[in-house]
Amino acid sequence: MSERVATGAIQVGGPRSPALRAAVGSPRLRALLGQGVAFLAVGGVGFLVDVGVFNALRATVLSPEHVANGELWAKAVSVSLAIIVNWVGNRSLTFRRERRRGSGRVVLREAVEFFVASLFGSAVALVCLVVSHDLLGLRSAIDDNVSANVVGLALGTALRFALYRLWVFRADRPRSEADLLPGSGSGSGSVPGSSSGSEMQDRRDAAAAITAPVFGADRADSFISEGDDEGGATGGGRVRG
């Protein structure tokens, strides 16, 4: 034992396998952890907006003493503003590389999906409160806060992060209208409706493979050449010089 200590054979903190070291140092895990930290930071700002706006409205223009169901209206306004703050913060910070770009329609669709995902996350806290209050009979103020604002908040936050990452800001989905156009990712500058030389050759080879057994190789090639000439004459992808 003393020899192992003297030679430095014992590692502080226990041995680490190569697989564990690779997992901890993987870029994918680091990116996930970075997104998690940014997500929690943005969520903290949204939580402060929710609580601050709710209490400000409830104490002033939407006071229950002057407005019927004023506390509900105040909560609806504060939650909506918090969702907007969370959306802007997450698309600008947490998921800035995955956010969608382009026209207002594309961005609006992302905002709607974000709003729906946020509602699902908020519903988790409500479900936890119903289970605790009505099914388990835990009805004190402390019990309600633990179920809704501790357990429900934690589960809802995890669900929102999963929905944002896997649905709203999914990395492999088209992020702009340009990404939906044929050949837009190839960088070849092709125009929809036109065909490159490689594409035309692939079509010729496929057509030859189908027609050659019926008409013969020479006759099939003649048919294909005549079809290409007619396509060029009508502006189908060739320009006569």
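As the structure is a prediction and not an experimental result, all values here were calculated from the model.

A. Molecular detail of the packing of helix H3 (residues 27-59) against helix H6 (residues 141-168). Interhelical geometry of H3 versus H6 gives an angle of 120° and a closest axis separation of 12 Å. By the criterion of interaxial angle, the relationship of H3 to H6 is oblique. Crossing handedness for the pair H3 and H6: right-handed. Contacts between H3 and H6 pair Leu32, Gln35, Gly36, Phe39 and Leu40 from the former with Thr157, Arg160, Phe161, Tyr164 and Arg165 from the latter. A class-by-class count of the residues in the contact of H3 with H6 yields five nonpolar, three polar and two charged.

B. The arrangement of the layout of surface pockets in detail. The volume enclosed by the largest pocket comes to roughly 980 Å³. In this structure, the largest pocket is lined by 33 residues; those nearest its centre are Phe47, Asp50, Ser122, Leu153 and Arg160. Secondary structure elements with two or more residues in the lining of the largest pocket: H3, helix H4 (70-94), helix H5 (104-135) and H6. Class assignment of the residues belonging to the lining of the largest pocket gives a composition of 15 nonpolar, 14 polar and four charged. Along the wall of the second largest pocket there are 15 residues; nearest its centre are Ala31, Gln35, Thr94, Glu98 and Arg165. In terms of residues, the lining of the second largest pocket owes the most to one element, H3, which gives five residues.

C. A look at the environment of Val124. Summarising the element assignment, Val124 is placed in helix H5. Remark: the alpha-carbon pair of Val124 and Leu153, spanning 29 residues in sequence, is separated by 7.7 Å. Look past the residues within four positions of Val124 in its chain and what remains in contact with it is Gly152, Leu155, Gly156 and Leu159.

D. Structural view of the nonpolar core. Judged by nonpolar contacts, Phe39, Ile83, Trp87, Phe95, Phe114, Ala117, Phe161, Tyr164, Val168 and Phe169 together constitute the single largest core of 10 residues. Those elements that place two or more of their residues in this core are H4, H5 and H6. Take this core: its biggest share by element is three residues, from H6. Leave out the neighbours within four places in its chain, and Phe95 touches Gln35, Asn90, Phe161, Tyr164, Arg165 and Phe169.

E. Structural view of the pattern of salt bridges. Counting across every chain of the model gives six salt bridges. Two residues, Glu110 and Arg91, come together in a salt bridge whose shortest N-O distance is 2.6 Å. Within this pair, whereas Glu110 is found in helix H5, its partner Arg91 is found in helix H4, the two being separated by 19 residues in sequence. Grouping residues by exposure puts Glu110 and Arg91 together as buried. Ionic pairing is found between Arg100 and Glu110, a salt bridge with its closest N-O pair at 3.9 Å. Taken together, the positions of Arg100 in the loop between H4 and H5 and Glu110 in helix H5 put the pair 10 residues apart, joining distant regions of the chain. Exposure remark for Glu110: the relative accessible area of 0% places this residue in the buried category. In this structure, a network of salt bridges that share partners links the residues Arg91, Arg100, Arg109, Glu110 and Glu113.

F. Representation of the packing of H3 against H4 in the model. Running from amino to carboxyl end, H3 crosses H4 at an angle of 155°, the nearest separation of the two axes being 8 Å. Considering their axes alone, H3 and H4 lie roughly antiparallel with respect to each other. Between H3 and H4 lies a crossing of right-handed hand. Taken together, the residues that form the contact of H3 with H4 break down as 15 nonpolar, eight polar and four charged.

G. Here's a closer look at unusual backbone geometry. Although it is not a glycine, Asn69 adopts a positive phi angle of roughly 55°. Tracing the backbone through its elements, the reader meets Asn69 in the loop between H3 and H4. Residue classification places Asn69 among the partly exposed residues on the basis of a relative accessible area of 47%.

Cut-offs and rules
- Residues numbered from 1 in each chain as written.
- Predicted model: local features only at pLDDT ≥ 70, side-chain atom pairs only at ≥ 80, totals over all residues.
- Heavy atoms only, no water.
- Axes fitted to C-alpha atoms, helices over the stretch in contact; angles between N-to-C directions.
- Helix = DSSP H or I, 4+ residues; strand = E, 2+ residues; numbered from the N terminus.
- Parallel < 35°, antiparallel > 145°, perpendicular 65-115°, else oblique.
- Left-handed = near helix turned anticlockwise from the far one by under 90°.
- Contact = heavy atoms within 4.5 Å.
- Nonpolar A, V, L, I, M, F, W, Y, C, P; charged D, E, K, R; others polar.
- 1 Å grid on protein atoms, 1.4 Å probe; cavity = no way out; pocket = protein on both sides within 12 Å on 5 of 7 lines; lining within 4 Å.
- Points joined across faces, edges and corners; volume = space filled by probe spheres on them.
- Core = buried A, V, L, I, M, F, W, Y, C linked by side-chain atoms within 4.5 Å.
- Buried < 20%, exposed > 50% of the residue type's maximum accessible area, 1.4 Å probe, protein only.
- Salt bridge = Lys/Arg side-chain N within 4 Å of Asp/Glu carboxyl O.

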